[in-house]
Amino acid sequence: MLPNRVLLRSALEPSRYQDQRTWKMTPAMIRARKPFFVRNMIGLTFFVGLTTGIYYYTYSFLHKDNDFADVPIPPIDEEDLKQLQKEYELRKKQYDEKQ
């Protein structure tokens, strides 16, 4: 028999650990899972905490805005500033007219 047919057949067979009408766990399944609940919750807490810590560390590391803090900004003359403002306004008007 092919492995796919075996998997398909076993997937379609009703489980003895689930109620066939409601698909709820039977009392036997609940009893079988009970000893592992605490360890599973501890593992879940650990992995969620680890994931949260990694994301927080990465986020805080990447959002430091000190990349160009040591680069001095040269002073600009008033005349140059006015010229740049005029160029900006002209380009802004041209852009607005196109749309």
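Remember, predicted model here, so these are calculated numbers, not experimental data.

A. Structural view of the overall build of the chain. In terms of regular secondary structure, the chain is built from 4 helices and 0 strands. Starting at the N terminus, the α and β elements of the chain follow one another as α-α-α-α. A buried classification covers 1% of the 99 residues belonging to the chain. A total accessible area of about 10,600 Å² is found for the chain, and carbon and sulfur atoms account for 61% of it.

B. Region of interest: a nonpolar patch on the surface. A cluster of nonpolar side chains, contributed by Phe37, Val38, Met41, Ile42, Leu44 and Val48, occupies part of the molecular surface with about 580 Å² of accessible area. The topology assignment puts isoleucine 42 in helix H3 (residues 37-62). A residue is classified by how much of its surface remains accessible, and isoleucine 42, at 56% relative accessible area, is exposed.

C. Spatial organisation of the packing of aromatic side chains. Under the defined criterion, the tally for this structure stands at 2 aromatic pairs. Ring centres of phenylalanine 46 and phenylalanine 47 lie 5.1 Å apart, and the angle between their planes is 70 degrees; on these two criteria the pair is classed as edge-to-face. You can call phenylalanine 46 exposed: its relative accessible area is 51%. When the ring of tyrosine 57 is compared with that of phenylalanine 61, the centres are 6.2 Å apart and the planes differ by 20 degrees; the resulting orientation is stacked.

D. Highlighting the environment of serine 15. Looking at where serine 15 falls in the secondary structure, it is placed in the loop between helix H1 (3-12) and helix H2 (27-33). Note: C-alpha distance between serine 15 and methionine 25 (10 residues apart in sequence) is 9.7 Å.

E. Region of the structure containing unusual backbone geometry. Backbone geometry at tryptophan 23 places phi at a positive 60 degrees, although glycine is not the residue there. Checked against the element boundaries, tryptophan 23 lands in the loop between H1 and H2.

F. View of a negative patch on the surface. A cluster of acidic side chains, namely Asp77, Glu78, Glu79 and Asp80, defines a negative patch on the protein surface. With respect to the helices, strands and loops of the structure, aspartate 77 is situated in the loop between H3 and helix H4 (78-98).

What counts and what doesn't
- Residues numbered from 1 in each chain as written.
- Predicted model: local features only at pLDDT ≥ 70, side-chain atom pairs only at ≥ 80, totals over all residues.
- Heavy atoms only, no water.
- Helix = DSSP H or I, 4+ residues; strand = E, 2+ residues; numbered from the N terminus.
- Buried < 20%, exposed > 50% of the residue type's maximum accessible area, 1.4 Å probe, protein only.
- Areas by Shrake-Rupley, 256 points an atom, 1.4 Å probe, with all protein chains shown as cover.
- Patch = residues over 30% accessible without salt bridge, like charges linked within 9 Å, V, L, I, M, F, W, Y side chains within 5 Å.
- Salt bridge = Lys/Arg side-chain N within 4 Å of Asp/Glu carboxyl O.
- Phe/Tyr/Trp six-rings, centres within 6.5 Å; stacked < 30°, edge-to-face > 60°.
- Lys, Arg positive; Asp, Glu negative; His and termini not counted.
- Charge placed at Lys NZ, Arg CZ, Asp CG, Glu CD.

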